[in-house]
Amino acid sequence: MVNLTELVIAFLISLLATALLVVPVKKLAVKIGAMDKPEARKIHKVAIPRLGGLAIFLGTVLGLLYLQPVHRHMFEIGLGAIIVVILGILDDKFQLGPLYKLIGQISAAGVLIYGGLIIERINVPLFGLVELGNWSFIVTLLWIVGITNAINLIDGLDGLASGVSAIALISVLIMALGDYRVVVVYFCVVLIASNIGFLYHNFYPAKIYMGDTGSMFLGYSVAVISLLGLFKNVTLFSFIIPVIVLAVPIFDTLFAIVRRLYNHENIMLPDKKHIHYQLLASGFSHRATVLIIYGFSAVFGILGIMFSNASLTFSLVISFIILLLLTLIAEIGAVEKRKKPLINSMHKLVKRTNDRG
């Protein structure tokens, strides 16, 4: 059983530890030159320290040391996290190339796969339970690397990656509580707390960025938690639920890949056409853009929770809503403003509301 008092104490430990550790981490980032300097693709105008993810990682570790979760794959999970964090620190300092980061991410995923933490089966609508067999390793690798990069790619505005990750983790936490998955609950609680503690310094206007240290650690953590919880559920839609909960970063990444392939661009190089940049280009403010994406993430999180306990008929209704939302996200990802009637309508509605106020 989950002890509520222990969860609250662990939450406070991670929250306060992260918020306080940001200060020395910020000084360390300045000292070693881990700075995010302005450039054409960036929004900010002055150099801002990176490496904030180190505070998130340490806050999470302190919370887990208090809770002391027990799991047969805890060593592999911890080792993979350390690999990802070291990789992130090196990237925040030296700006590693995409190939080096990919090798590091595959190494972290390989530790988990070698230890036996894999997606062995998925339950797909219309097909039922599908045993993956030898494909388990490939599917698990793609999931871990994919989610790690999805969170990394959405980390483009102040407070965006932390907020989206926290919302997704809250959704998973609610499902884990109902499913009595204690280890998943522990991980979710300390990660949510660490994200909130970091958001105090990172929300617009940010004083520090999480950098790849933070975005890759969060992506890795979310991927691992879904392996421990959502994919281990044998309900009818167990394969769909983690995709719904993480719909914003997942589909933003997929649309980015499709867009770059269509434009004959390198899929591994960054651009300024992600959902958050398109909202900014449509006229929304920095803060409003972040809050809109928070809203999308919250809606998908709620839909994921509902989907996990829904009947087939109700699931179809939810699926229709999800398709509408995904259509809107795809439209946001369009390059030309004239191709975004829904977004332009949203912006006009916001402007009218502000004018009346």
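Residues numbered from 1 in each chain as written. Predicted model: local features only at pLDDT ≥ 70, side-chain atom pairs only at ≥ 80, totals over all residues. Heavy atoms only, no water.

A.B. asks: I'd like to hear about the packing of aromatic side chains, residue by residue, with values.
C.D. replies: According to the stated counting rule, one finds two aromatic pairs in the structure shown. Aromatic pair Phe57 and Phe217: ring centres 5.3 Å apart, planes at 90°, arrangement edge-to-face. With Phe57 in helix α2 (residues 53-67) and Phe217 in helix α8 (residues 211-228), this residue pair connects regions lying 160 residues apart in the sequence. For Phe57, a relative accessible area of 14% puts it in the buried group. Relative to Tyr294, the ring of Phe203 lies with its centre 6.4 Å away and its plane at 40°, an arrangement referred to as tilted. Here Tyr294 lies in helix α12 (residues 286-308) and Phe203 lies in the loop between α7 (182-202) and α8, a separation of 91 residues in the sequence. When its relative accessible area of 23% is taken as the criterion, Phe203 is described as partly exposed. (Phe/Tyr/Trp six-rings, centres within 6.5 Å; stacked < 30°, edge-to-face > 60°. Helix = DSSP H or I, 4+ residues; strand = E, 2+ residues; numbered from the N terminus. Buried < 20%, exposed > 50% of the residue type's maximum accessible area, 1.4 Å probe, protein only.)

A.B. asks: Which residues make up helix α4 (residues 98-115), and what values go with them?
C.D. replies: Given a rise of 1.5 Å per residue, 18 residues ought to cover 26 Å, and the 26 Å separating the end C-alpha atoms of α4 matches this to within 8%. Lining the buried residues of α4 we find α3 (74-94), α5 (135-154) and α8. Once α4 finishes, Gly116 follows within two positions and takes phi at roughly 100°, a positive value. (Expected span 1.5 Å × (residues − 1). Contact = heavy atoms within 4.5 Å.)

A.B. asks: Residues and numbers for the packing of helix α1 (residues 4-32) against α2, please.
C.D. replies: Here α1 crosses α2 at 150°, and the two axes come no closer than 7 Å. Judged by the inter-axis angle, α1 sits roughly antiparallel to α2. Both α1 and α2 take part in a crossing whose hand is right-handed. Facing Glu6, Leu7, Ile9, Ala10, Ile13, Ser14, Ala17, Thr18, Leu21, Val22, Val25 and Leu28 of α1, the residues of α2 in contact are Leu54, Ala55, Ile56, Leu58, Gly59, Thr60, Leu62, Gly63, Tyr66 and Leu67. The class makeup of the residues in the contact of α1 with α2 is 16 nonpolar, five polar and one charged. (Axes fitted to C-alpha atoms, helices over the stretch in contact; angles between N-to-C directions. Parallel < 35°, antiparallel > 145°, perpendicular 65-115°, else oblique. Left-handed = near helix turned anticlockwise from the far one by under 90°. Nonpolar A, V, L, I, M, F, W, Y, C, P; charged D, E, K, R; others polar.)

A.B. asks: Requested: an account of the environment of Leu58, with residues and values cited.
C.D. replies: Residue position: Leu58 is located in helix α2. Residue classification places Leu58 among the partly exposed residues on the basis of a relative accessible area of 31%. Taking the C-alpha atoms as reference points, Leu58 and Thr18, separated by 40 residues in sequence, lie 7.0 Å from one another.

A.B. asks: So what about the nonpolar core? Which residues, and what values?
C.D. replies: The biggest cluster of nonpolar side chains holds 88 residues, and the ones touching the most others in it are Ile77, Trp143, Cys188, Tyr220, Ile225 and Leu228. The element that contributes the greatest number of residues to this core is α7, accounting for 12 residues. In this structure Cys188 touches Leu169, Val172, Leu173 and Ile225, once residues within four positions along its chain are discounted. (Core = buried A, V, L, I, M, F, W, Y, C linked by side-chain atoms within 4.5 Å.)

A.B. asks: Please give an account of the layout of surface pockets that cites residues and values.
C.D. replies: Volume-wise, the second largest pocket comes out at about 380 Å³. Every residue lining the second largest pocket is counted, 19 residues in all, and those nearest its centre are Val61, Leu64, Met74, Gly78 and Phe187. Every element with two or more residues in the lining of the second largest pocket is listed here: α2, α3, α7 and α8. Grouping the amino acids of the lining of the second largest pocket by side-chain chemistry returns 15 nonpolar, four polar and no charged. (1 Å grid on protein atoms, 1.4 Å probe; cavity = no way out; pocket = protein on both sides within 12 Å on 5 of 7 lines; lining within 4 Å. Points joined across faces, edges and corners; volume = space filled by probe spheres on them.)

A.B. asks: So what about the environment of Lys26? Which residues, and what values?
C.D. replies: Within the element layout of this structure, Lys26 appears in helix α1. Judged by its relative accessible area of 31%, Lys26 is partly exposed. In contact with Lys26, not counting residues within four places along its chain, are Pro49, Lys207 and Ile208.

A.B. asks: Please provide a residue-by-residue account of the packing of helix α6 (residues 160-179) against α12, values included.
C.D. replies: At a minimum axis separation of 9 Å, α6 and α12 run at an interaxial angle of 15°. One way to sum up the angle between α6 and α12 is to call them roughly parallel. Read as a crossing pair, α6 and α12 show a hand that is right-handed. Here Leu160, Gly163, Val164, Ile167, Ser171, Ile174 and Met175 of α6 lie close against α12, whose contacting residues are Val290, Ile293, Tyr294, Ser297, Ala298, Gly301, Ile302, Gly304, Ile305 and Ser308.

A.B. asks: Before we move on, could you go through α1 and cite the residues and values that matter?
C.D. replies: When the terminal C-alpha atoms of α1 are compared, their 41 Å separation across 29 residues agrees well with the 42 Å that a helix rising 1.5 Å per residue should span. Taken as a whole, α1 carries its principal kink of about 35° at Val22; the proline Pro24 stands between one and four residues after it. In this structure, the buried side of α1 is in contact with β1 (35-36), β2 (48-49), α2 and α7. Sitting at the amino-terminal end of α1 is Asn3, which places a side-chain oxygen 3.0 Å from the backbone nitrogen of Thr5. Trailing α1 by a residue or two, Gly33 shows a phi angle of about 80°, which is positive. (Bend = angle between axes of the 7 residues up to and from the residue. Polar contact = N/O pair within 3.5 Å; in protein donor to acceptor, adjacent residues only side chain to side chain.)

A.B. asks: Please provide a residue-by-residue account of empty space enclosed by the protein, values included.
C.D. replies: Summed over all chains, the structure comprises two cavities of 30 Å³ or more. Looking at the largest cavity, the residues that line it are Ala168, Leu169, Val172, Val222, Ile225, Ser226, Leu230, Pro242, Val245 and Leu246. Of all the secondary-structure elements, those providing two or more residues to the lining of the largest cavity are α6, α8 and α9 (240-245). Along the lines of polarity and charge, the residues of the lining of the largest cavity split into nine nonpolar, one polar and no charged.

A.B. asks: Quick rundown of the side chain of Thr60? Include the residues and the values.
C.D. replies: Counting through the fold element by element, Thr60 comes out in helix α2. Note on Thr60: relative accessible area 3%, which makes it buried. Once residues within four sequence positions are removed from consideration, Thr60 is found in contact with Ser14, Val190, Leu191, Ser194 and Phe217.

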